[in-house]
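Structural features, examined
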Amino acid sequence: GDASHAAAQSSGLALTVTPASVTAAANPATMLYGQAVPALGGGLSGVLAQDAGKVTGVFASSAGALSPVGVYPISVVLTGGAAANYSVGAVSGSLTIAKAPTMLTVSPSTSTPAVGAPVTLNMQVASTTSGVPTGSVTVLDGTTSLAVVPLSAGSASLSTSALGSGSHSLSAVYSGDANFLGGTSAAAVVTIGAGADFTLAATGATSQSVPACRRPPALPPR
């Protein structure tokens, strides 16, 4: 106030200070299905000069080692002494999970059976990372398909007595699934030998006693 006016005060005026928007740019990352998620990083733009070094971004993804193959967004959380003064307006960059390679093996129960004897092929499809491949394998004799066998816990088996005489190059082809690449095993060589031409079976008595022969007495000399 002054000599002519009493003191007075205005009503309060609310002033709202909102966080400044920053843009986060995540570094694109890739991984194979079954691998651990790699360390994710990136940068921020829009931080004021007076807050340089006081705001950082921690980049992460909701994906895990066994998340299905696909593309996943990367999120960011602001940390630091001035983090409360900023909000994330947009995040660019993503994490790509690709199919993992597999390893196939074929193990025959025997490598030299006779014609008509059963041969069991044990097949294993294993991940080069982690996780268990699903689907089926096609068993080949050279280039001829013998059967399509479903996998159970990454394993399959086929028993056959239909292999003819001679050498057979047996292998398995995995068709792949949503998370694993297909592949072909090394060949296992099985050589089928000739079977017996005939069998011999005794009839009647199966044993006989033969008495020793007595030597005749010597003749007197003449």
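Residues numbered from 1 in each chain as written. Predicted model: local features only at pLDDT ≥ 70, side-chain atom pairs only at ≥ 80, totals over all residues. Heavy atoms only, no water.

Regarding the overall build of the chain
In terms of helices and strands, the chain carries 0 helices and 15 strands. Compactness check: the chain gives a C-alpha radius of gyration of 41 Å against a globular reference of 17 Å for 222 residues, more than 25% above the reference. The C-alpha extent of the chain, read off along each of the three principal axes, is 190 × 40 × 30 Å. Looking at the chain as a whole, 27% of its 222 residues are labelled buried. Across the chain, every contact between residues at least 6 apart in sequence was considered, and the portion connecting residues at least 24 apart equals 60%. Surface summary for the chain: the accessible area is close to 14000 Å², and the carbon and sulfur share equals 57%. Charged side chains in the chain number 5 positive and 5 negative. The centres of these two groups are separated by 56 Å. (Helix = DSSP H or I, 4+ residues; strand = E, 2+ residues; numbered from the N terminus. Rg over C-alpha atoms; globule rule 2.2 N^0.38 Å. Buried < 20%, exposed > 50% of the residue type's maximum accessible area, 1.4 Å probe, protein only. Contact = heavy atoms within 4.5 Å. Areas by Shrake-Rupley, 256 points an atom, 1.4 Å probe, with all protein chains shown as cover. Lys, Arg positive; Asp, Glu negative; His and termini not counted. Charge placed at Lys NZ, Arg CZ, Asp CG, Glu CD.)

Re the side chain of serine 67
Tracing the sequence through the fold places serine 67 in the loop between strand 4 (56-61) and strand 5 (70-79). Side-chain polar atoms of serine 67 contact the backbone nitrogen of glycine 64, separated by 2.7 Å. Setting aside its immediate chain neighbours within four residues, serine 67 contacts Tyr33, Tyr72 and Ile97. (Polar contact = N/O pair within 3.5 Å; in protein donor to acceptor, adjacent residues only side chain to side chain.)

A few points about the packing of aromatic side chains
If you walk through the whole model with that rule in mind, you get 1 aromatic pair. For the ring pair tyrosine 33 and phenylalanine 180, a centre distance of 5.3 Å and an interplane angle of 80° mean the geometry is edge-to-face. Of this pair, tyrosine 33 sits in the loop between strand 2 (29-32) and strand 3 (42-45) while phenylalanine 180 sits in the loop between strand 13 (166-174) and strand 14 (183-184), and the two are 147 residues apart along the sequence. Across the pair, exposure class does not vary: tyrosine 33 and phenylalanine 180 are buried alike. (Phe/Tyr/Trp six-rings, centres within 6.5 Å; stacked < 30°, edge-to-face > 60°.)

A few points about the sheet that holds strand 7 (residues 94-98)
Strand pairing in a sheet is mediated by backbone hydrogen bonds. Such pairs are either parallel or antiparallel. With mixed pairing, the 4 strands of this open sheet are ordered in space as 2-7-5-4. Because the sheet does not close on itself, it has two edges, and the strands there are strand 2 and strand 4. The sheet shows a mean angle of 30° between the axes of neighbouring strands, direction not considered. In this sheet, strand 7 lies alongside strand 5 in antiparallel orientation, the contact comprising 4 bridges. Bridge pairing in strand 7 places proline 73 opposite serine 94. (Pairing = 2+ DSSP bridges. Axes fitted to C-alpha atoms, helices over the stretch in contact; angles between N-to-C directions.)

Quick notes on the environment of serine 4
Examined against the element boundaries, serine 4 turns out to sit in the segment before strand 1 (20-26). Separated by 115 residues in sequence, serine 4 and valine 119 have C-alpha atoms that sit 117 Å apart.

Quick notes on the sheet that holds strand 1
Read across the sheet, 3 strands follow the order 3-1-6 without closing on themselves; strand pairing throughout is mixed. Unpaired on one side and paired on the other, strand 3 and strand 6 (86-92) mark the two borders of the sheet. Mean inter-strand twist for the sheet, computed between neighbouring axes without regard to direction, equals 30°. Bridging between strand 1 and strand 6 involves 6 bridges; their strand directions are parallel. For serine 21, the partnering residue across the bridge sits in strand 6 and is serine 87.

Focus on unusual backbone geometry
You will see that alanine 153, though not glycine, has its phi angle at about 55°, which is positive. For alanine 153, a relative accessible area of 68% puts it in the exposed group.

Quick notes on the nonpolar core
Residues Phe59, Met123, Val137, Val149 and Tyr174 are the most contacted members of the largest nonpolar core, which totals 35 residues. The greatest single-element share of this core, amounting to 4 residues, is contributed by strand 9 (residues 119-127). With residues up to four places along the chain from it excluded, the contact list for valine 149 reads Ser136, Val137, Val139, Ala156, Ser157 and Leu158. Within the second largest apolar cluster, 6 residues are counted, among which are Val22, Val55, Ala82 and Tyr86. (Core = buried A, V, L, I, M, F, W, Y, C linked by side-chain atoms within 4.5 Å.)

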